Amino acid sequence: MGTRALRPHRGAVAGLALAFAPGCSSPPDAGRGTAEVPGASLAAPVVRFVDVTAESGIDYILPSGTDSTYPMPAVMGGGLAVFDADGDADLDLYIIAPAPGGNRFYLQQEGGVFTNATAAAGLEGDGMGCAVGDLDNDGDLDLYLTRVGPDRLFVNDGKGVFADRSEAWNVAVPGWSSSAALLDYDRDGYLDVYIARYVAFDAARVCSQHGGRRDFCGPTEFEGLSDVLLHNLGGTGFEDVSAAAGITAVDDAGLGVVAADFDHDGEVDIYVANDADPNNLWIHQGSGRFLDDGVLQGSAFNRWGNSEAGMGIAVGDADLDQDLDLFVTHLITETNTYYRNLMLPGFEDATIDTELGAASLDLTGFGTAFFDADNDGDLDLAVANGAVKRRPSALATTGDATAFWSDYVEPNLLLLNEEGRFVDASALAPWTQLSLSRALVPADLDRDGDLDLVIANLDGPLQLLRNLTIDPGAGDTNANTSNWLQIRAFDSRLRRVAIGARITVQTPEGARLVHALPPGSYLSGGPATAHLGLGASGGVQGFEVVWPDGLAERFPGAAANQVVQLIRGEGQSQ
């Protein structure tokens, strides 16, 4: 949200359905003045999404809690969870609002309509973001809720009713928590929680733009906070092991976080996007110790050596070279940044090479995800946008936004991967709609084989965007070129998906790497089922899985257009 040019960095070298029927610093004076996306190519491939929110049964307006005092959490919140809460195989929705009492939980019913079950589920309250996973290995999904104030933990009874175990499980992390990630860093079979924390917010602080007009404060107005690592004590509680892990040496303004084995050494690592501070790449050294290697491995700064306003993170093998790349969203005028993973040397800023900079230059990005929008076998990008201070020139016209947010709203982005270069495909609705968007999650809400999108908008309706790549109602003209697989890496000993499992799929087009991971993004949790577009291929030849505990297994191939479950122990050991 801003740039900490005037404050020394504190520890930069520390540790060297829907009705789917069957940094705040004032930017320079530059703006578009129109909702049309500059540079949107007329030759961009056509991937169609349609907004079906009106038919979904969800008419809720996500409250920001903003008022004349411009409280900073009001412009930063808007979290989202997409998960199967009640075990019926349909994906449900939890909308997280910074305003008191603003959270809402919706169960998906037959026919893709959602019903409000907030009170019955025990999920009232407020928050910033969340992580979703089976924290007690009982076969259902629990919720870790980040907040400005003590975090909360909701344990699922298996039927979509949740009990608050925050105090009993010792998860009432104080301060401003933003995003959270689940990982099993000690390989004991229980999911631990990494919490990115933001700033030591003081509601009494008054901030303004040049000229004295009041606006939201930015991160440079406050001290940053060190992140927190909670160790799972066998599904009965947590202990704070942050100091022992080495992560308290850094107190930056953390917003986005993902956990994965970036260097393929068998140990899970952690990447944190910091707002106006260098990003952290916590490389696991073993025995629960982490070293921040972001500077040395090229993922702390952009190619010009500048720290940026890191918000959301997308993670995936975007260049099809069998490792995980990173994409980080930023403030207006900075451009978003794509970090290509080179393995042994680390990462390089390949934003210019992939043509990912221009579309974002005039926007402030938050939620983002790599996902195969058109099932052609490579990863595309979606980005949720919305300013954090008044834009140099407003994009909204009368009727486009509430009066308060008319100077802040922006369109979102769809960027399609065409042989390693990304084409802006945002020139048509619903991408031209102006909103203050935050969390974004791709998920197959209607179970038709392509990935839909859910986007949380502050003081606006949730957006449910149905992907029409596979559209039976239109005769499914893409049926022969939009094949797919969804892959669940399941550990029956733990009764859950093996979050962090690395899956190499042998396809007719070559090896493809996917992971059992939520899609990243910002303040959000989503399915850890891997999605693989196959294009015209009718199947795959085999799977190789490296499980989180290091076991490697081979599994036979499968025909396209199905959900494949790979069960630990049932493959051929390598």
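Residues numbered from 1 in each chain as written. Predicted model: local features only at pLDDT ≥ 70, side-chain atom pairs only at ≥ 80, totals over all residues. Heavy atoms only, no water.

1. Some words on the overall build of the protein
- Broken down by element type, the protein carries 3 helices and 38 strands.
- The buried share of the protein, reckoned over its 574 residues, is 63%.
- Roughly 19,600 Å² of accessible area belongs to the protein as shown, and the carbon and sulfur atoms make up 52% of that amount. (Helix = DSSP H or I, 4+ residues; strand = E, 2+ residues; numbered from the N terminus. Buried < 20%, exposed > 50% of the residue type's maximum accessible area, 1.4 Å probe, protein only. Areas by Shrake-Rupley, 256 points an atom, 1.4 Å probe, with all protein chains shown as cover.)

2. What about the sheet that holds strand E26 (residues 437-443)?
- Spatial strand order, E1-E28-E27-E26: 4 strands in an open sheet with antiparallel pairing. The open sheet has two edge strands, strand E1 (49-51) and E26, and neither has a second partner. When the angles between neighbouring strand axes are averaged without regard to direction, this sheet yields 20°.
- Bridging between strand E27 (residues 452-457) and strand E28 (residues 463-467) involves 3 bridges; their strand directions are antiparallel. Along E28, the bridge assignment pairs Val 454 with Leu 464. (Pairing = 2+ DSSP bridges. Axes fitted to C-alpha atoms, helices over the stretch in contact; angles between N-to-C directions.)

3. Concerning the environment of Tyr 94
- As for its position among the elements, Tyr 94 is in strand E3 (residues 92-96).
- As for Tyr 94 and Gly 525, which are separated by 431 residues in sequence, their C-alpha atoms are 9.4 Å apart.
- Setting aside anything within four residues of it in sequence, one finds Tyr 94 in contact with Gly 79, Leu 80, Ala 81, Phe 83, Asn 103, Arg 104, Phe 105, Leu 123, Leu 143, Leu 145 and Phe 154.
- A distance of 3.1 Å separates polar atoms of two side chains, one belonging to Tyr 94 and the other to Asn 103. (Contact = heavy atoms within 4.5 Å. Polar contact = N/O pair within 3.5 Å; in protein donor to acceptor, adjacent residues only side chain to side chain.)

4. Digging into the confidence of the model for the protein
- When pLDDT is averaged across the protein, the result is 91; 90% of the residues are at 70 or more.
- Taken as a whole, residues 3-42 scores under 50 in pLDDT and shows 129 contacts with residues more than four places along the chain or in a different chain. (pLDDT = per-residue confidence, 0-100.)

5. Remarks on the nonpolar core
- Judged by nonpolar contacts, the single largest core of 55 residues is most densely connected at Tyr 144, Phe 262 and Phe 543.
- For this core, the domains that each give at least three residues are domain 1 (49-467) and domain 2 (484-573).
- With 53 residues, the next largest nonpolar core counts Phe 114, Leu 255, Ala 387 and Val 409 among its residues. (Core = buried A, V, L, I, M, F, W, Y, C linked by side-chain atoms within 4.5 Å. Domains from an automatic or database assignment.)

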